[in-house]
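Residue strings, one per chain:
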Amino acid sequence: ELDVFFKFVSPNYKPYYGKVVFSITPKTLTADNVTLVTQASDCLYDGTEKKPTFTLTDGSPSIITADDISVAYNNNVDAGVAIAKFTGKGNYTGIVSKDWNIAKRAVTLTSASDSKVYDGTDLSDAGVTAEGLPEGFTVEAAAEGSQKDAGSSANVVNDGYVIRNAAGEDKTANFKNVQKINGTLTVTPKAATVTSGSASKAYDGEALTNGEAAISGLVEGETANVRATGSQLEVGFSSNTCTIEWG
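Fair warning: this is a prediction, and the values are worked out from it, not measured in the lab. (Residues numbered from 1 in each chain as written. Predicted model: local features only at pLDDT ≥ 70, side-chain atom pairs only at ≥ 80, totals over all residues. Heavy atoms only, no water.)

**With respect to the overall build of the chain**
Here is step 1: Per the secondary structure count, the chain includes zero helices and 22 strands.
Here is step 2: Relative to the globule expectation of 18 Å for 247 residues, the C-alpha radius of gyration of the chain, 43 Å, shows a markedly less compact shape.
Here is step 3: About 15,900 Å² of surface is accessible on the chain, with carbon and sulfur atoms providing 50% of the total.
Here is step 4: Charged side chains of the chain number 20 positive and 30 negative; the gap between the two group centres comes to 17 Å. (Helix = DSSP H or I, 4+ residues; strand = E, 2+ residues; numbered from the N terminus. Rg over C-alpha atoms; globule rule 2.2 N^0.38 Å. Areas by Shrake-Rupley, 256 points an atom, 1.4 Å probe, with all protein chains shown as cover. Lys, Arg positive; Asp, Glu negative; His and termini not counted. Charge placed at Lys NZ, Arg CZ, Asp CG, Glu CD.)

Encoded structure:
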């Protein structure tokens, strides 16, 4: 309030003294007075508080300033609808709320690939790496796959993954479009050597054979039955071929 004292003077009247009271009430804050200015980083989940900047406008030139409002943010960490609440003070009164969306973050989980030469045991690798996690975040994930014989198969990322922030809290719900890329488990054949016996003679009309044969390089505990089947009847030479029956 502002008190204004005055004196009225006229030649035909006695002086008059009076007072006028001027009262200026706060103006109501409206949605048009506040504009949120969001950046890309304000709209994508990364585990930190999001506090977009804002502009204030009332008239031209504008009469509202940052001293005329206070701002509080709610739900501004996790993915979802975040709210900025502006409260008038001083020359303004009332509350205006503005909201914006914090989007879920995409992440890629890739299971390990591995290979080895056949040794009779299963090849597996549970390792999983993550791409696209915010700083300080980790993933608890495992791959499931096994390859024993020579060949290849997928090393599959399991569905039961958990994404945690630096404090160890489960924040999996803040991630979407989780792409799972399977690795490959590859077992290559092991080299083994088969040796058959040699023989010679002068031509006598009878087939020349030698049943001696052996195999080396097998994995411990595995066996194979090797039999030489070569035969030479006429003058000349040929390979003493073998058949193998795997145990």
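**Remarks on the packing of aromatic side chains**
Here is step 1: Here the structure, examined in full by the defined rule, presents five aromatic pairs.
Here is step 2: Here the aromatic rings of tyrosine 45 and phenylalanine 175 are separated by 5.7 Å at their centres, their planes lie at 85 degrees, and the arrangement is edge-to-face. One end of the pair, tyrosine 45, is in the loop between β4 (34-37) and β5 (53-56); the other, phenylalanine 175, is in strand β17 (residues 175-181), and 130 residues separate them in sequence.
Here is step 3: Plain terms: the ring middles of phenylalanine 54 and phenylalanine 86 are 5.0 Å apart, the flat faces sit at 75 degrees to each other, and that makes the pair edge-to-face. Of this pair, phenylalanine 54 sits in strand β5 while phenylalanine 86 sits in strand β7 (residues 80-88); the two residues are 32 residues apart in sequence, bridging distant segments of the chain.
Here is step 4: Classification of phenylalanine 86 by relative accessible area gives buried; the value is 0%.
Here is step 5: Grouping aromatic residues by their ring pairs yields a cluster made of Tyr45, Phe137 and Phe175. (Phe/Tyr/Trp six-rings, centres within 6.5 Å; stacked < 30°, edge-to-face > 60°. Buried < 20%, exposed > 50% of the residue type's maximum accessible area, 1.4 Å probe, protein only.)

**Things to note about the environment of aspartate 3**
Here is step 1: Looking at the element boundaries, aspartate 3 is found in strand β1 (residues 2-10).
Here is step 2: Overall, aspartate 3 belongs to the partly exposed group, its relative accessible area being 40%.
Here is step 3: Along the chain, aspartate 3 and alanine 84 lie 81 residues apart, while their C-alpha atoms are 39 Å from each other.
Here is step 4: The contact partners of aspartate 3, leaving out residues within four places of it in the chain, are Lys19, Val20 and Val21. (Contact = heavy atoms within 4.5 Å.)

**Things to note about the pattern of salt bridges**
Here is step 1: Scanning the entire structure with this criterion turns up seven salt bridges.
Here is step 2: With a shortest N-O distance of 2.9 Å, lysine 50 and aspartate 46 are connected by a salt bridge.
Here is step 3: One salt bridge in this structure joins aspartate 119 and lysine 116, with 2.8 Å as the shortest N-O distance. (Salt bridge = Lys/Arg side-chain N within 4 Å of Asp/Glu carboxyl O.)

**Section: unusual backbone geometry**
Here is step 1: Cis geometry marks the peptide bond from serine 60 to proline 61; its omega dihedral reads 0 degrees.
Here is step 2: Phi angles above zero are rare outside glycine, and asparagine 75 is one such case at about 50 degrees.
Here is step 3: Relative to the elements of secondary structure, asparagine 75 occurs in the loop between β6 (69-74) and β7.
Here is step 4: The phi dihedral of asparagine 177 is positive, around 50 degrees, even though this residue is not glycine.
Here is step 5: Relative to the assigned elements, asparagine 177 resides in strand β17.
Here is step 6: Judged by relative accessible area, which is 57%, asparagine 177 ranks as exposed.

**Describing the side chain of serine 111**
Here is step 1: Looking at where serine 111 falls in the secondary structure, it is placed in strand β10 (residues 105-111).
Here is step 2: Side-chain polar atoms of serine 111 contact the backbone oxygen of asparagine 155, separated by 2.4 Å.
Here is step 3: A polar contact is formed between the side chain of serine 111 and the backbone nitrogen of glycine 183, at a distance of 2.6 Å.
Here is step 4: Sequence-distant contacts of serine 111, that is, excluding residues within four places in its chain, are made with Gly127, Val128, Ala143, Asn155, Val156, Val157, Ile181, Asn182 and Gly183. (Polar contact = N/O pair within 3.5 Å; in protein donor to acceptor, adjacent residues only side chain to side chain.)

**Some words on the sheet that holds β10**
Here is step 1: Reading across from one edge, β12-β10-β17 is the order of the three strands in this open sheet, with mixed pairing throughout. Edge positions in the sheet fall to β12 (128-131) and β17, since each has one partner strand and no second. Ignoring strand direction, the axes of neighbouring strands in this sheet form an average angle of 25 degrees.
Here is step 2: Looking at chain direction, β10 and β17 are connected through five bridges and run parallel. Bridge pairing in β17 places threonine 110 opposite isoleucine 181. (Pairing = 2+ DSSP bridges. Axes fitted to C-alpha atoms, helices over the stretch in contact; angles between N-to-C directions.)

**Overview of the nonpolar core**
Here is step 1: In terms of nonpolar packing, the biggest core is built from 19 residues, with Leu29, Ile64, Ile69, Ala84, Phe86, Trp100 and Phe175 touching the most fellow members.
Here is step 2: Where this core is concerned, the elements lending two or more residues are β4, β6, β7 and β9 (95-102).
Here is step 3: Excluding residues within four positions of it along the chain, phenylalanine 86 makes contact with Leu29, Val34, Leu36, Phe54, Ile69, Ser70, Val71, Gly94, Ile95, Val96 and Lys98.
Here is step 4: The next biggest cluster of nonpolar side chains, apart from the first, holds five residues, and it includes Leu123, Leu185, Val187 and Val219. (Core = buried A, V, L, I, M, F, W, Y, C linked by side-chain atoms within 4.5 Å.)

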